[in-house]
Amino acid sequence: MTASITRRSTAARSRIAAVGAIAVAGALILTGCGDQTDGGSATKEKTSDAPLFSKLPKKIQDSGVIKVGSDTAYPPMEYIEGGKIVGVDPDIAQALEKQLGVKFQFTSGTFDGLLTSLETGRQDVAMSSITDNKQRQEGLDKEGKKVGKGVDFVDYFNSGVSLLVKKGNPENIKSLDDLCGKTVAVQRGTTYEDTFKAQAEKCGDKKLTIEAFDTDAEAQTRVKAGGAVADLNDYPVTAYAAKTSGGGNDFEVAGEQADKGLFGIAVSKDNAQLRDAIKEALDAIIKDGSYSKVLEKWNVKDSAVPSATINAGK
């Protein structure tokens, strides 16, 4: 998707979801990853022999839990199936558990509140396909004004973006420029909303109308119904929707994957010890092969990173 997708030059991120029941389930508060019947808790006695348990902050060691905020309406990255949170991110977290010796306890929430939950201490980390960029690192709003402390990212995934359109691509959409004069749908608070806004300015008098929704599932539904011609999201997510929604008869991916950038596990800047422990654990699962097995399982192995990095997003 040439024609200037500037997804990661502004504050935002990415999302996609299946339509229907997942959108409803995504609003539920659930815990996930590993055995969810035990409330996600573990004791120091059970897990202190894990390789990197001693690297964790004492508070995390004592609780046996890393609390994770996530917007769980975004398959295949994270979504709800059979009452459990599943997907690429929960499976990566489960691999990290074996290194750290504590549970990653996922709680579902809206995307635009995830980083705030770190500042309030409600969550320890946010793991939800969040794009690592300088604005988020520095706590800046879209105008460059300081609005918070910012967060640190442990980068674990590399993804590009694509347009999602109705099956058969009736409007012949191949790039952002083809959207001028039309209506698009997108999840509110994401980089993709910013990308559409930038494209709207470029379209000028040939107005681009943007409809923003709380979840990408709602945006997809709008496209499916014909009220919007396209949605914009990460390639793994658009490809998953095109393959699975309506048995593969609802959508297709338009144009080429473009503008790759890093997803990061967000951690408060006041919690460098936890950040560094997660980085070390990520490097360990990359080295032992469990990371690549997760990506192969979900058919996203092209998004692998060779090693963990901190704040490498632009």
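Computed from a predicted model, the values in this text were never measured in an experiment.

## A look at the side chain of glutamine 187
Note that glutamine 187 resides in strand S7 (residues 183–187). Residue classification places glutamine 187 among the buried positions, given a relative accessible area of 2%. Among the polar contacts listed, one links the side chain of glutamine 187 to the backbone oxygen of aspartate 214, at a separation of 3.1 Å.

## Examining the packing of helix H4 (residues 88–100) against helix H11 (residues 290–297)
Packing of H4 against H11 leaves a shortest axis separation of 10 Å and a crossing angle of 160 degrees. Considered as vectors, H4 and H11 are oriented roughly antiparallel to each other. The hand of the H4/H11 crossing is right-handed. Touching Val88, Asp91, Ile92 and Ala95 of H4 are Ser290, Tyr291, Val294, Leu295 and Lys297, all from H11.

## Focus: the confidence of the model for the protein chain
Put simply, the protein chain has an average pLDDT of 86, and 85% of its residues get 70 or more. For residues 1–46, every residue scores under 50 in pLDDT, and the model assigns this stretch 183 contacts once sequence neighbours within four places are set aside.

## A word on the nonpolar core
Counting residues in hydrophobic clusters, the biggest one holds 62 residues, and the most contacted among them are Ile66, Ile92, Leu100 and Leu179. Top contributing element to this core by residue count: helix H10 (residues 272–288), with seven residues. Those residues in contact with leucine 100, other than ones at most four positions away along the chain, are Ala50, Leu52, Phe53, Leu56, Ile66, Ala277, Ile278 and Ala281. If you look at the next biggest cluster of nonpolar residues, it comprises nine residues, including Leu164, Ala219, Val223 and Ala241.

## Points about the packing of aromatic side chains
Going through the model one piece at a time under the given rule, you end up with four aromatic pairs. With 6.0 Å between their ring centres and 45 degrees between their planes, tyrosine 79 and tyrosine 240 make a pair best called tilted. In this pair, tyrosine 79 sits in strand S2 (residues 79–81) while tyrosine 240 sits in helix H9 (residues 235–244), placing the two residues 161 residues apart along the sequence. Look at tyrosine 79 and you get buried, because its relative accessible area is 4%. Assessed through its relative accessible area of 22%, tyrosine 240 is described here as partly exposed. Seen in terms of ring centroids, tyrosine 156 and phenylalanine 157 are 6.3 Å apart; in terms of plane orientation they differ by 45 degrees. Their pairing is tilted. The exposure classification of tyrosine 156 matches that of phenylalanine 157, with both residues buried. Following the ring pairs from residue to residue traces out a cluster consisting of Tyr79, Tyr240 and Trp298.

Calculation rules
- Residues numbered from 1 in each chain as written.
- Predicted model: local features only at pLDDT ≥ 70, side-chain atom pairs only at ≥ 80, totals over all residues.
- Heavy atoms only, no water.
- Helix = DSSP H or I, 4+ residues; strand = E, 2+ residues; numbered from the N terminus.
- Buried < 20%, exposed > 50% of the residue type's maximum accessible area, 1.4 Å probe, protein only.
- Polar contact = N/O pair within 3.5 Å; in protein donor to acceptor, adjacent residues only side chain to side chain.
- Axes fitted to C-alpha atoms, helices over the stretch in contact; angles between N-to-C directions.
- Parallel < 35°, antiparallel > 145°, perpendicular 65-115°, else oblique.
- Left-handed = near helix turned anticlockwise from the far one by under 90°.
- Contact = heavy atoms within 4.5 Å.
- pLDDT = per-residue confidence, 0-100.
- Core = buried A, V, L, I, M, F, W, Y, C linked by side-chain atoms within 4.5 Å.
- Phe/Tyr/Trp six-rings, centres within 6.5 Å; stacked < 30°, edge-to-face > 60°.

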